[in-house]
Amino acid sequence: MDIAKYRNLFLEEATEHLSEMSRSLLLLEKESGDGEAIDTVFRMAHSIKGMAGSLGYDSITELSHLLEDRMDLCRQQGRVPAGEHGIGLLFRGLEGLERLVGFVRETGEPPPPDEALITAVREAPVEFPEEAESGGDPPKKA
Amino acid sequence: MKRVLVADDASFMRQMIRDIIEPEGYEVVGEASDGVEVVEKFQELNPDVVMMDIVMPKRSGIDAVKSIVEKFPGSKVVMCSALGQEALVMEAIQAGAKDFIVKPFKPDSVVSTLGKVLEKDD
């Protein structure tokens, strides 16, 4: 396999996907039940996962897989919850993928994993808060 | 030479399939990047087999398989799936897909699956 050719294809296509993901997350920040935007983020994560897996970029594969699973939950629930475990986490995931793809662009090497982010996405609650309460995370006790 | 239509929204994946199968004597007669285009291209090109991603925009790969098999009974479609998509693969097989391959692609597996599907006499 011509790694350099595929690396360039990956960088080009992943960058487009991340831009599209960003646009869709901005839409979801305004309208949490935008089904088309949820579907787009799911597909972009899925596509990045497939490409990264083919090149052995395991850290990108793992993070995009977790985000894809997260978006699958959102598809099932019909919305992206607000707050740090909802839309906030997806924006963190997007930024994480941008950093990892940036590492590949700068070094040409597989990027090291972002363990803290992986843990945060993996351990995010699968039960979404009720919509009426989804304007933010529950207030902390004084 | 067997004629193949490749459908995946990622040009990266379409190129990879092309690079795996063309040296093995297959001709990629067309590419599609969504679930609507693949049905149109199938109608236009009448390929011997389609290699189709499950997750695509506009229309999923599963819907596209259903449509192709309904319109052209006996059509041969191989699904390209990822780990963790077993339920979707089963749905695609029930919808009429003949077989599947898993990403990341192993070239030997892609070629042998394609050969096996094309050998089957429906």
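Bear in mind the structure is a predicted one, so any value in this text is a computation, not a measurement.

Asks: Go over the pattern of salt bridges with me, naming the residues and quoting the values.
Replies: Going through the model one piece at a time under the given rule, you end up with 16 salt bridges over all chains. Taking the shortest distance from any N to any O, the salt bridge between Lys103(B) and Asp8(B) comes out at 3.2 Å. Of this pair, Lys103(B) sits in strand 5 (residues 99-103) while Asp8(B) sits in the loop between strand 1 (3-7) and helix 1 (11-21), and the two are 95 residues apart along the sequence. When its relative accessible area of 1% is taken as the criterion, Asp8(B) is described as buried. One salt bridge in this structure joins Lys116(B) and Asp99(B), with 3.2 Å as the shortest N-O distance. Here the residue Lys116(B) occupies a position in helix 5 (residues 107-119), and Asp99(B) occupies one in strand 5, the gap between them amounting to 17 residues. Lys116(B) sits in the partly exposed class, given a relative accessible area of 44%. For Asp99(B), a relative accessible area of 11% corresponds to the buried category. Ionic contacts of the salt-bridge type, sharing partners, join the residues Asp39(A), Arg43(A), Asp72(A), Arg75(A) and Asp9(B) into one network.

Asks: Could you give an account of the confidence of the model for chain A, with specific residues and numbers?
Replies: Looking at chain A, the pLDDT average stands at 90 and 92% of residues meet or exceed 70. Predicted confidence for residues 133-142 of chain A stays below pLDDT 50, and this span has eight contacts to residues more than four positions away or in other chains.

Asks: Let's hear about the pairing of strand 1 of chain B: which residues, and what values?
Replies: All names here are of chain B. Among the five residues in strand 1, four count as buried, and that is most of the element. By the bridge criterion, four bridges tie strand 1 to strand 3 (residues 49-53) in an arrangement that is parallel. Its bridge partner being in strand 3, Ala-7 is matched across the sheet by Met-52.

Asks: Give me the interface of chain A and chain B: which residues, what numbers.
Replies: At the interface, 18 residues of chain A touch 17 residues of chain B. A buried area of about 1400 Å², summed over both sides, lies between chain A and chain B, and 64% of it is on carbon and sulfur atoms. Of all residues in chain A, Tyr6(A), Arg43(A) and His46(A) bury the most surface against chain B, accounting for 37% of the area lost on that side. Seen at the junction of chain A and chain B, the total is two salt bridges. Residue Lys5(A) is joined to Asp19(B) by a salt bridge in which the shortest nitrogen-to-oxygen separation is 2.7 Å. Viewed at the interface, chain B and chain A are joined by six residue pairs in polar contact (both at pLDDT 80 or more). At the level of elements, helix 1 (3-30), helix 2 (35-55) and helix 3 (58-77) of chain A are the ones that each hand at least two residues to the side of chain A that touches chain B. The dominant element in the side of chain A that touches chain B, judged by the number of residues it contributes, is helix 2 of chain A, at ten residues. Split by residue class, the side of chain A that touches chain B holds seven nonpolar, six polar and five charged.

Basis of the calculations
Residues numbered from 1 in each chain as written. Chains lettered and ligands numbered in written order. Predicted model: local features only at pLDDT ≥ 70, side-chain atom pairs only at ≥ 80, totals over all residues. Heavy atoms only, no water. Salt bridge = Lys/Arg side-chain N within 4 Å of Asp/Glu carboxyl O. Helix = DSSP H or I, 4+ residues; strand = E, 2+ residues; numbered from the N terminus. Buried < 20%, exposed > 50% of the residue type's maximum accessible area, 1.4 Å probe, protein only. pLDDT = per-residue confidence, 0-100. Contact = heavy atoms within 4.5 Å. Pairing = 2+ DSSP bridges. Buried area = accessible area lost by both parts, 1.4 Å probe. Polar contact = N/O pair within 3.5 Å; in protein donor to acceptor, adjacent residues only side chain to side chain. Nonpolar A, V, L, I, M, F, W, Y, C, P; charged D, E, K, R; others polar.

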